[in-house]
Amino acid sequence: MGISVIIPVYNSAASIERCLNSVLAQTYKADYQIIIVNDGSTDNSLEIINRYIQEHPSIDILVINKPNGGVSSARNAGLYAATGEWIALLDSDDEWLPDKIAVQIGIVNTHPEIDLLGTNVVGSQTRILWKLKDKLSPVKVWELFIKWHPSTPTVIFRSEILKDVGVYDESMRYGEDGEFLLRICTQKNAWFTPEQLVFCGNGKPTFGSSGLSGNMRGMQRGQRQILKRAYNKHIIHLTQYMLFALYAELKYWRRILIVKIRSYKNQ
């Protein structure tokens, strides 16, 4: 079974080697195709990657160099080059636990109806309102507007679904992962398992820190855009749109308050 692992890289010199090591450390033995998309890095990321390839000549690592165009264009470059039956997404500052792929392949072999499977990240549980998602279960479309899950670096999906779903929308700078996941959930069988199998972001907060996730205003614009698309495509009706939009605004202002308190404590 072939598994293509797509890793966008932009100025990731401090983390890319740990990220790659976590793929090589997987207990599940398969034909891994590691696709590194260097999205116009200006640090020595590419030098580190090339040295890593030289030190691991038996590993199938493809490097795609492109001008900086953002994470959506980088992931798409990887998707177009992927040859595996399954595709896994991984960010350059994240790390898989050793059993990550083994757990997921074990589940999809038992449940062949699953097209996409994601997990929790280390230190996190997924709740939809008051209910904990603590067992293998489908990802329902309405749940996404309460909490976007599963997180991108946790998912694997069948490469064949791209023929129907398409690739990332490169016009979106924020919320691109959510928009892509929404399309999959509306057309295919997306599932979630609660195991914590990915260490994300080197332990930094999931919002209000550096990187794209740090721009909460942009994230909120992306959320609004996805909601409007869902309504215009009749995925949700008007009442749902209004309720989810209100929920998103309240969640946004709550996060603003949390970041301000966090900043005050760190002074």
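Note that the structure is a prediction, hence the values are computed from the model and not measured.

Student: Explain the packing of helix α8 (residues 216–232) against helix α9 (residues 238–265) to me, please; I cannot follow it from the model alone.
Tutor: Two packed helices can be described by the angle between their axes and the distance between those axes. As a packed pair, α8 and α9 sit with axes 10 Å apart at the nearest point and diverge in direction by 175 degrees. Taken as axis vectors, α8 and α9 run roughly antiparallel relative to one another. Facing α8, whose interface residues are M216, R217, M219, Q220, Q223, R224, L227, K228 and Y231, α9 presents L238, Y241, F244, A245, A248, E249, Y252, R255, I256 and V259. Of the residues contributing to the contact of α8 with α9, the split by class is twelve nonpolar, two polar and five charged.

Student: It is not clear to me how the packing of aromatic side chains should be interpreted in this structure. Could you clarify?
Tutor: The description of two aromatic rings rests on the distance between their centres and on the angle between their planes. Per the counting criterion, the structure on display carries six aromatic pairs. Aromatic side chains F145 and W148 sit 5.7 Å apart centroid to centroid with 75 degrees between the ring planes, which places their arrangement in the edge-to-face category. Among the residues examined, F145 registers a relative accessible area of 2% and is labelled buried. Exposure remark for W148: the relative accessible area of 28% places this residue in the partly exposed category. By way of ring pairs, the aromatic residues F145, W148 and F244 are connected into one cluster.

Student: Would you mind going over the pattern of salt bridges with me for this structure?
Tutor: Where side chains of opposite charge bring their charged atoms close, a pairing between them can arise. Under the defined criterion, the tally for this structure stands at eleven salt bridges. Of the charged contacts in the structure, one is a salt bridge between R183 and E179, with a shortest N-O distance of 2.7 Å. Of this pair, R183 and E179 are both found in helix α7 (residues 176–187), four residues apart, which corresponds to roughly one turn of the helix. This pair shows no difference in class: R183 is buried, exactly as E179 is. Its salt-bridge partner being E179, residue R229 comes within 3.4 Å of it at the nearest N-O pair. Taken as a pair, R229 in helix α8 and E179 in helix α7 lie far apart in primary sequence, 50 residues in all. Residue E179 is classed as buried on the basis of its relative accessible area of 6%.

Student: Explain unusual backbone geometry to me, please; I cannot follow it from the model alone.
Tutor: Leaving glycine out, the prevailing phi sign among residues is negative, and the prevailing peptide bond configuration is trans. With an omega of -5 degrees, the peptide bond running from H149 to P150 counts as cis. Inspection of the secondary structure puts P150 in the loop between α5 (141–144) and β10 (156–158). Backbone geometry places H234, a non-glycine residue, at a positive phi of 65 degrees. By the element assignment, H234 lies in the loop between α8 and α9. The exposed category is assigned to H234, whose relative accessible area is 72%.

Student: I keep staring at the nonpolar core and nothing clicks. Help me out?
Tutor: Nonpolar side chains tend to gather and get buried jointly when the protein is soluble and globular. If you look at the biggest cluster of nonpolar residues, it comprises 34 residues, and the most contacted ones within it are I87, F145 and F157. Counting only elements with at least two residues in this core, the list comes to β2 (31–39), α3 (71–81), β4 (86–89), α6 (162–165), α7, β11 (190–199) and α8. The element best represented in this core is α7, accounting for five residues. In this structure F145 touches L182, Q223, I226, L227, A230, I236, F244 and Y247, once residues within four positions along its chain are discounted. Counting residues in hydrophobic clusters, the runner-up holds 29 residues, among them C19, I48, I105 and V198.

Student: Please explain the environment of A14 as it appears in this structure.
Tutor: Within the secondary structure, A14 sits in the loop between β1 (2–9) and α1 (16–24). Assessed through its relative accessible area of 70%, A14 is described here as exposed. It is 35 Å that separates the C-alpha atoms of A14 and L132, two residues lying 118 residues apart in sequence.

Student: Looking at this structure, how should I read the state of the cysteines?
Tutor: A disulfide bridge is the covalent bond that connects two cysteines by way of their sulfur atoms. One pass over the full model with this rule turns up zero disulfides. Counting only cysteine sulfurs, C19 is the nearest neighbor of C200, a cysteine outside any disulfide, at a range of 10 Å. Judged by its relative accessible area of 23%, C200 is partly exposed.

Parameters at a glance
- Per chain, residue numbering runs from 1 following the sequence as it is written.
- Whole-chain, interface and lining totals are the exception, using all residues; otherwise, since this is a predicted model, local features are given only for residues with pLDDT of at least 70 and side-chain atom pairs are given and counted only at 80 or more.
- Only hydrogens and water are set aside; all other atoms, that is, all heavy atoms of the structure, feed into the side-chain values.
- Between N-to-C directions, angles cover 0 to 180 degrees, with each direction set by a line fitted to C-alpha atoms, over the stretch in contact for helices.
- To qualify as a helix, a DSSP run of H or I must reach at least 4 residues; to qualify as a strand, a run of E must reach at least 2; elements of each kind are numbered from the N terminus.
- What sets the label is the angle itself: under 35 degrees gives roughly parallel, over 145 gives roughly antiparallel, 65 to 115 gives roughly perpendicular, and the rest give oblique.
- Any two residues whose heavy atoms approach within 4.5 Å at even a single point are treated as in contact.
- All residues other than Ala, Val, Leu, Ile, Met, Phe, Trp, Tyr, Cys, Pro, Asp, Glu, Lys and Arg, Gly among them, are scored as polar; the first ten of these are nonpolar and the last four charged.
- The pairing test for Phe, Tyr and Trp rings, Trp by its six-membered ring, is centres within 6.5 Å, and the orientation test on the planes gives stacked under 30 degrees, edge-to-face over 60, and tilted for anything in between.
- The classification of residues rests on relative accessible area computed with a 1.4 Å probe and restricted to protein chains. Under 20% of the type maximum is buried, over 50% is exposed, and intermediate values are partly exposed.
- In the sections that follow, a salt bridge refers to a side-chain nitrogen of Lys or Arg positioned within 4 Å of a carboxyl oxygen of Asp or Glu.
- For our purposes a nonpolar core is just a set of buried Ala, Val, Leu, Ile, Met, Phe, Trp, Tyr and Cys residues, chained together by side-chain atoms within 4.5 Å.
- Only a pair of cysteine sulfur atoms within 2.5 Å counts as a disulfide in this structure description.

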